[in-house]
Structures are given as C-alpha cells and as structure tokens.
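What follows is each chain in one-letter form.
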Amino acid sequence: MKRPKLKKASKRVSCAKRYKIQKKVREHNRKLRKEAKKKGVSKRVKKDLGVPSSAPFKEEVLREAEQRRLKIEEEKERKRQAKKEERAQKRKKEKEGASKETEPKAKRVRKNDSENPSGKQAAPDRNSKQFLCAELNKVIDASDVVLEVLDARDPLGCRCPQLEEAVLQKGGNKKLLLVLNKIDLVPKENVERWIQYLQQEFPVVAFKASTLIRDKTVKAKKSRIDPSNEIQDKSRGAICFGNGCLTELLSTYAENLQNEASLKVGVVGFPNVGKSSLINSVKGVMACNVGMKRGMTKLMQEVHILKNIKAIDSPGVVASPSNPPASMALRSLQVEEGSESVLEAVRTLLKQCDKTQIMLQYTIPDYRNCLEFLTLLAKKRGFLQKGGVPNTEQAATTFLGDWTGAKLSYHCKAPENHSLPAYMSDAVVAEMQNSWDLNKLKAGNEETLKGVKFPSQSSSISFISKGLTAGLLSASDISEEKPAAAATEAEAEQNDENDEPEQTTEGSNEAEEQEQPQKLSLKKKTPGHVQFHPAPIDISLSTVTTDDAYDFNTDFK
C-alpha cells in the first residue's frame, strides 16, 4: 500500500508568541550593552584626526603614511595571488588524481611510457612554421599536378612566387594549374579580365565552391526520410560551379599519362582561399575540415576524388614578415595567433578602401578613424561588454572574418601591362600549357560564368592590391626572416605614417586622444606600482606666490 504524503508543518505563529520573542531579544541586547558599558568596551572606532596643519614636517609624514599603505596593499595582493595559485595547483592535482583512477591500467602504462620515453623524440608542434612548411613541401613532392587556389577578390595577392618557383624547379614533369575561387563575390567583368591576365602564364579554372556540404553520414540519414522527388537546394551557398570542368580536365590528363597509379593532385595556397572547400565540392562530401578560422588544416590529407584521381589537401602557405601590412592582414596566421594586433590589421585594410563604400557596405555613419569605425560597428552588431561598452576586439575579428571568408564582396583591378616573373620564361609557359585541352577549358569557364550570379560593380568595394605575397617554404627561410622582421615592421610603420593624410581639425585630435586610452585598455593589464622619488623643493622666498592653492606636483613626482 502506498504511503500517504505527509503535509509540511506551517511556520506561522500567533501574534502573542511573536511579540514575546521580540521582547526577549530586546531585553537580551539591552543586557549586553549594559555589561559592555560597565567593562568600558565600545564598538565605535575613534576617528583618525590626521596630521595637524601646524606640524613642521606634514608632507614627509603624509608621504611615509602613503608608502606604508601601498606596501600593506602590495603584501595583501601578493598573499592573495599566492593563495589563488595554491588553490589552482590543488584543483589540478585533484583532477589528475581523479582521471588516473578512472583511466584503465593499460592506458596509464602507455601514458607513462610516452611521458618518459627512452631515446624517443618529442612530437613536433603542429602550429610551428617549420612543421607547416615541411608538410607543404611533402604535398608538392607527392603531387603530379599542383592546383594553386587563388581568391578572385585579390588573385595577384594570393599568388606566392616562392611556391610557383619551387613547383617549377622540382622536375618530374609537374604541372601547375591556377584555380580562381570565390568568383561569386566579384563583378563579372573583373573575373573575365583576371582570367585573361592569368592565362598568359598558367591555365586558369573559374570555380565557385559550395559552403553547405554536409557529412556523408548525415546525408545518408536524410535521404531515408526525404521523398524521392525532393527539391534541390539552389541557394547561393549550396550550389557549386566549375567542378565539372575541373574534374573533366584532370580526368583527360590522367588518361593521357597512361599510368597504373592514380593521378595525385596537390591543392595549395594561402590560408582561407578555399582549398579544403574545393576538395569537398569536387568530392560532393565533407571530406576535409573547413572553417572561418585561419589555418584549420595542419597536415596533408589524401582524398579519393575519382577512381584514378587523388586530391591532397595541404596547410596554408606561411606568409613572410617582409610583406606589406595589407597582405599580412589578409593572409598571415600571426593575426589570429596574437602576434599582430587585430586593430592594426583593420586599420591597414581601411586605408586601402574608399570610406564611402565601407559606410554603405556596413550601413554606418561617417567615422574619423579606425577605433570610431569599430565602435560604430560593435554598436550596430550588438557586440557590447558589461555596462554597454562596445567590444571593439570582437568587432575587429568579425570585420577580418568578412574579408577573408566567403561573405564580403570586394575586387582589385587587373594590371593592364603583363610581364613574366623572373623565374618564368616563354618556354616554361608553353610547357605548362601543354597536355591540357585549352579549348575545352575555355568552354568550361564560359559555362561557369553563365551560371554564377555576380554582384554589381557598385555594390562591390574597390580594393588596392599590394601585388604578389612572399611565402616561406623552408626552415632556412624562416631563420633568415626573423632578424629582418623588426626592420621591415619599422619601415612599414613609417610608410603608414607618411601615407596617412594630415588632419588639422580639432575633432580629429580629440578622436586620437580618445583612441590612445582605448588601445591601452585592450592590452593585458599588469598590476602597477606607485614609486615615489625624492624631488628637490625650492623653499626660497622667491617661490612664494599669492595663490593659496596647494601644488601636489612638488611632493608627488
């Protein structure tokens, strides 16, 4: 039989009982006060009268008291930090102990062996420049055809002369093919001019990667539920253009080689140009990990595209520190790692664009400098910190994400005059264009351009390209670039100062004064220490003034 639920007792009491309790409490407190009065104990703290004005050394006494107070505060802060670190260490030990207890014995043995290896080298850091350069060289060595992926918004800035020269010097009849990705973010006339310009050196394939490719397992599960006559997703992100032309071109080349082994196609380029998205679009399945963050791919990865074709995904080319600031802002991994300031990158990009176009694109009012632009953008997007303060760092990260991701439309003009680089010649151009069906490639590009919906010239931001971007391909290049990096940064800062127009208005000066404290607040806050230095005080009669206001600068410097 189920036990009946007991009702909770009520806390209500009668008024007589409540008044009686309050009376007893008052009597008890009165008794305590009376006893304390007899003993002479008082809770009141006597007020500190301070140093009298008539004291002869009042300033020295006040200074000593201030120093004593600061020392006490420093000691308290030091003890607080020590206790904090001790608690953190204790929590870490408890966590490790709990994980060791839950881990299987075999796993613990393997972990101990890995922590104390006998003659084994430590695992390399996958984020280091040396590791990324080594992986990129592996992809170039293993490839028969190298696809250099270029962002159609700035194709010249996405080309790496060191990479192209390394491919041409490798030998083994390697072919280099340029893939112009993200053509849907550039006006059609601009894409056609760039294809004509780049075809004078290497064959060019126009491409638009799909950004809404799902995992294979998700796709298979969905097909069971959806009806057979499901509607194809024709949205801008889902559809892909140029994959048929590229696949047909590679298949024809693989058949002409007449090799039993599969044709290996290496996909290389700077970060965020769409290397992994290109492989996923051609494969039709999410085979490679993609994302807005720069440098998502750390290792080379082989993906089977067709029966006789393999694609090799590679990490992004490491940009050299000797490049102009605008190139580093768009293609350097150091911006997200924290080596370079995100605010400096945004400031550099804003200098390369027309202010009116930026205002129309982001629908913000007129701004005087970079900080004011980020403040307006943060308010527009709702990036606010505690107290309603605009989060300029988040706004700067979002702005950079728009420029490197497949969202913002901007374009660069193709150069009118063409000249071959130093590492190329007419014989090399003829050799690179040999073995490709150029007529079929031209027809495929025309068909791709017909299907893509391009933005208008007025809605696209005009951007000034800084030319080819230098890259690092070996450890020796990295060691040579390190001492030269400081000098190049100083020159870049000097050039930026010279390029920046002079503003004589009072508003600009006030904006600069407001920008400086905001910059300091974004940096890591370090505990400051007040130091008092003895200052010579002239107490002669000549220094006596009629103003009776006290000057603190004479004592505290």
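Not measured: the values here are computed from a predicted model.

Undergrad: So, the pattern of salt bridges: which residues are in play, and what are the values?
TA: All told, the structure shown has 18 salt bridges when counted by the stated rule. Among the salt bridges present, the one from Asp-141 reaches Lys-170, with a minimum N-O distance of 2.9 Å. Residue Asp-141 is located in helix 4 (residues 129-142), and its partner Lys-170 is located in helix 5 (residues 161-170); the two are separated by 29 residues in the primary sequence. Residue Glu-344 is joined to Arg-347 by a salt bridge in which the shortest nitrogen-to-oxygen separation is 2.8 Å. You can see Glu-344 and its partner Arg-347 sitting in helix 12 (residues 342-351), 3 residues apart, about one turn around the helix.

Undergrad: Mind laying out the confidence of the model for the chain, listing which residues take part and the relevant values?
TA: Considering every residue of the chain, the mean pLDDT works out to 77; 72% of them sit at 70 or more. Scored below 50 in pLDDT, residues 499-515 shows 13 contacts in the model against residues more than four places distant or in partner chains. When the criterion is pLDDT under 50, residues 537-548 qualifies, and its contacts beyond four places in sequence or with other chains add up to 3 contacts.

Undergrad: Can you explain the state of the cysteines? Please cite residues and give values.
TA: A covalent bond between the sulfur atoms of two cysteines is what we call a disulfide. Under the counting rule described, the total for this entry stands at 0 disulfides. Unpaired in terms of disulfides, Cys-353 finds its nearest cysteine sulfur in Cys-412, a separation of 8.9 Å.

Undergrad: Which residues make up the packing of helix 8 (residues 243-257) against helix 9 (residues 275-283), and what are the values?
TA: Running from amino to carboxyl end, helix 8 crosses helix 9 at an angle of 85 degrees, the nearest separation of the two axes being 10 Å. Between helix 8 and helix 9, the interaxial angle falls into the category roughly perpendicular. Residue-level inspection shows Asn-243, Leu-246 and Thr-247 of helix 8 in contact with helix 9, the latter providing Leu-278, Ser-281 and Val-282. Among the residues forming the contact of helix 8 with helix 9, the class breakdown is 3 nonpolar, 3 polar and no charged.

Undergrad: Tell me about the sheet that holds strand 1 (residues 145-151), residues and numbers included.
TA: One open sheet accounts for 6 strands, arranged 3-2-1-4-6-5; its pairing is mixed. The sheet terminates laterally at strand 3 (204-206) and strand 5 (301-306), the two strands that pair on one side only. Here the strands of the sheet are splayed against their neighbours by 30 degrees on average, with no regard to which way each runs. Docked against the sheet, helix 9 engages strand 1, strand 2 (175-181), strand 4 (263-268), strand 5 and strand 6 (309-313), running at close to 30 degrees with respect to strand 5.

Definitions and limits used
Residues numbered from 1 in each chain as written. Predicted model: local features only at pLDDT ≥ 70, side-chain atom pairs only at ≥ 80, totals over all residues. Heavy atoms only, no water. Salt bridge = Lys/Arg side-chain N within 4 Å of Asp/Glu carboxyl O. Helix = DSSP H or I, 4+ residues; strand = E, 2+ residues; numbered from the N terminus. pLDDT = per-residue confidence, 0-100. Contact = heavy atoms within 4.5 Å. Disulfide = S-S within 2.5 Å. Axes fitted to C-alpha atoms, helices over the stretch in contact; angles between N-to-C directions. Parallel < 35°, antiparallel > 145°, perpendicular 65-115°, else oblique. Nonpolar A, V, L, I, M, F, W, Y, C, P; charged D, E, K, R; others polar. Pairing = 2+ DSSP bridges.

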